[in-house]
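The chain contents come next:
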Amino acid sequence: MNKKIQVLKYLMVDACASALAWFLFYAYRKIVFESQDFYLEDTILNDDRFRLGVVTITIFWVLLYVFMGQYKDIYRRSRLTEISKTFVQTFAGVLVVFFVALLDDVIPTYRNYYTAILSLFALHFTITSVFRLVITTHTIRRIHRREIGFKTLIVGGGDSAVSMYNNLTKSFKSGGNLIVGFANGMDVDGHKLKLHTPYLGSYKDLRVIIDAHEIEEVLIAIERSEQNHILEEIINDLEDMDVLIKVKPNNYDILAGKVKMKSMFEVPLVEIKHQFMSLWQLTLKRFIDVLISLIALFLLTPFYLLIIVLIKIDSQGPVFFYQERVGINGKLFNIIKFRSMFVDAEKQGPQLSGDGDSRVTKLGRFMRRYRIDELPQFFNVLLGDMSMVGPRPERVFYANQILNRAAHYKHIRKVKPGITSWGMVRYGYASSVDEMIERLRYDIIYIENMSIFNDMKVLIYTFKIVFQGRGK
């Protein structure tokens, strides 16, 4: 499969659909609103405003689709999903076009505004949907005929894996999984699948197998007796790899509503999500981060100057404190804080701070209580190392200790660390590795439910804690 060519096809048909819809809408406005005779050569082709408009509008729509993640997972889509996504995208785009390009039009009555916006929506949605469905339908038919698909590895070699293999390969129409081979679990007798597909190694060698065979999907079908032992280990091991992970469900998963049917021809599986937020939400999250940081830095400048003076009066040493922390994908960065401890507070090595810590200055105790020492981290947000909301970043010294005791800690490295987090709201500062692991539960739950709405809730509760002086 050449994904770049497939993306290019969608880009081309989306651009053509946008241009055609705008052409028809322009002609409609000329005839209905301006009561003009419509001639293609005189009215359209020689109209500089139209030529500029059609180019600008087409670029706008393509950028909007990119922003909303239209060209991601280009093969994993159904026709119903395509129509619903097109509806939402068209609704959002038409609103922008209306307020930016159409609201200042001179029209006979306000009723024409509603007519115009409905006409543009109907034209754009219909034409775009038809163009997209032509490509999507052709692609789906090729997938069903097993002409194209996703290189797939089955983890497990026992009866459960054999059952999954048969379901995937013997169905009348394929769901897209092209089985490359299998890796067995802990069961030494779990090689029954070798009669059907090549044995590629143990589940402990998954990373090597995935890289060697360019695997795109990993389907876990281990026996029930093995699940508690290795399922978590496998998911943690593959957390930072660009593969889709699905698990064969048991009856509890089905009754709990974890199994979502995306296609009539797919085998029902529980999908382990790696993309916590959609592309448009990630873009919006970054925009909000930058906007809030710029506003905060501007409004708090006098307060910053006051704190700088007080720190200088309170104790000797630099105003700012820089410390290396672990960021997204394990990347190291320097976090910026107002210094709240005496100089050389860690000359004996890394130490966590607790209540009554003698290393903390008098002003430092006040700053920590109201989390004033964290304010310089708005610069970290602007630099892109942090977000407003996300799991708190730890030092390498403590991150390694947490990882040794809680392998699922690596999950939080998939997102940017934050100035505040749900863990900070619910648990607060941690004064030991045990407390860090306890707080980790809240951070894992947060990233599994990441959304702009939840970020707003965390920020609101953080402000409440700060104003009440309940920080440590």
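Look up a bit, the structure's there.
Residues numbered from 1 in each chain as written. Predicted model: local features only at pLDDT ≥ 70, side-chain atom pairs only at ≥ 80, totals over all residues. Heavy atoms only, no water.

J.: Would you explain the pattern of salt bridges in this entry?
T.: Close approach of charged atoms allows side chains with opposite charge to pair. In the structure shown here, the tally under the stated rule is 18 salt bridges. The residue K192 makes a salt bridge to D159 at a minimum N-O spacing of 2.8 Å. Remark: D159 occurs in helix 6 (residues 159–169) and K192 occurs in the loop between strand 2 (177–184) and strand 3 (199–202); sequence separation between them is 33 residues. When its relative accessible area of 42% is taken as the criterion, K192 is described as partly exposed. D159 sits in the partly exposed class, given a relative accessible area of 48%. Across the pair D434 and R405 runs a salt bridge whose closest N-O atoms are separated by 2.4 Å. Placement of the pair is D434 in helix 16 (residues 433–448) and R405 in helix 14 (residues 396–405), with a sequence separation of 29 residues. Overall, D434 belongs to the partly exposed group, its relative accessible area being 47%. What you see here is one network of salt bridges that share partners, running through D73, R76, E217 and K246. (Salt bridge = Lys/Arg side-chain N within 4 Å of Asp/Glu carboxyl O. Helix = DSSP H or I, 4+ residues; strand = E, 2+ residues; numbered from the N terminus. Buried < 20%, exposed > 50% of the residue type's maximum accessible area, 1.4 Å probe, protein only.)

J.: Is there a simple way to explain the pairing of strand 4 (residues 217–220) in this structure?
T.: Each regular strand carries side chains that alternate between the two faces of the sheet. Because side chains alternate across strand 4, one face comprises the buried residues E217 and L219, and the other comprises V218 and I220, equally buried. As defined by bridge partners, strand 1 (residues 150–155) adjoins strand 4 across four bridges and the pair is classed as parallel. Counterpart to L153 in the pairing with strand 4 is V218. Relative to strand 5 (residues 244–247), strand 4 is paired through four bridges, and the arrangement is parallel. Within strand 5, the residue paired with V218 across the bridge is I245. (Pairing = 2+ DSSP bridges.)

J.: Just checking my understanding: could you explain the packing of aromatic side chains for this structure?
T.: How two aromatic rings sit relative to each other is set out by the distance from centre to centre and by the angle between their planes. A full pass over the atoms with the stated rule returns 12 aromatic pairs. Considering the side-chain rings of W61 and Y65, the 5.9 Å spacing of their centres and the 35° angle between planes classify their relative orientation as tilted. In this pair, W61 and Y65 both sit in helix 3 (residues 48–67), four residues apart, roughly one turn of the helix. Judged by relative accessible area, which is 2%, W61 ranks as buried. Plain terms: the ring middles of F87 and F125 are 5.7 Å apart, the flat faces sit at 85° to each other, and that makes the pair edge-to-face. With F87 in helix 4 (residues 79–102) and F125 in helix 5 (residues 111–144), this residue pair connects regions lying 38 residues apart in the sequence. Taking the relative accessible area as the measure of exposure, F125 reaches 18% and is therefore buried. What links up through ring pairs into an aromatic cluster is the set F60, W61 and Y65. Its end group placed over the ring of Y10, R77 keeps NZ or CZ at 5.0 Å from the ring centre. Taking NZ or CZ as reference, R441 lies 5.6 Å from the ring centre of Y442, over its face. (Phe/Tyr/Trp six-rings, centres within 6.5 Å; stacked < 30°, edge-to-face > 60°. Lys NZ or Arg CZ within 6 Å of the ring centre and 35° of its normal.)

J.: Explain the nonpolar core here, please?
T.: In terms of nonpolar packing, the biggest core is built from 44 residues, with F338, F378 and I447 touching the most fellow members. Among the elements that line this core, the one with the most residues is helix 16, at seven residues. Apart from residues no more than four positions distant in its own chain, F338 is found in contact with Y304, I307, I308, I311, V319, F320, M367, I372, D373, L375 and P376. Among the nonpolar cores identified, the runner-up in size contains 28 residues, and F25, I57, V97 and F121 belong to it. (Core = buried A, V, L, I, M, F, W, Y, C linked by side-chain atoms within 4.5 Å. Contact = heavy atoms within 4.5 Å.)

J.: Any chance you could explain the layout of surface pockets here in plain terms?
T.: Any space left empty among the atoms is revealed by the rolling of a water-sized probe across them. As a volume, the second largest pocket reaches approximately 850 Å³. Looking at the second largest pocket, it is lined by 39 residues, and the ones nearest its centre are K337, S340, M341, S353 and R368. The set of elements that each furnish at least two residues to the lining of the second largest pocket consists of strand 7 (320–326), strand 8 (332–338), helix 12 (362–369) and helix 16. Counting residues per element, the lining of the second largest pocket draws most heavily on strand 7, at four residues. Considering only residue class, the lining of the second largest pocket consists of 16 nonpolar, seven polar and 16 charged. (1 Å grid on protein atoms, 1.4 Å probe; cavity = no way out; pocket = protein on both sides within 12 Å on 5 of 7 lines; lining within 4 Å. Points joined across faces, edges and corners; volume = space filled by probe spheres on them. Nonpolar A, V, L, I, M, F, W, Y, C, P; charged D, E, K, R; others polar.)

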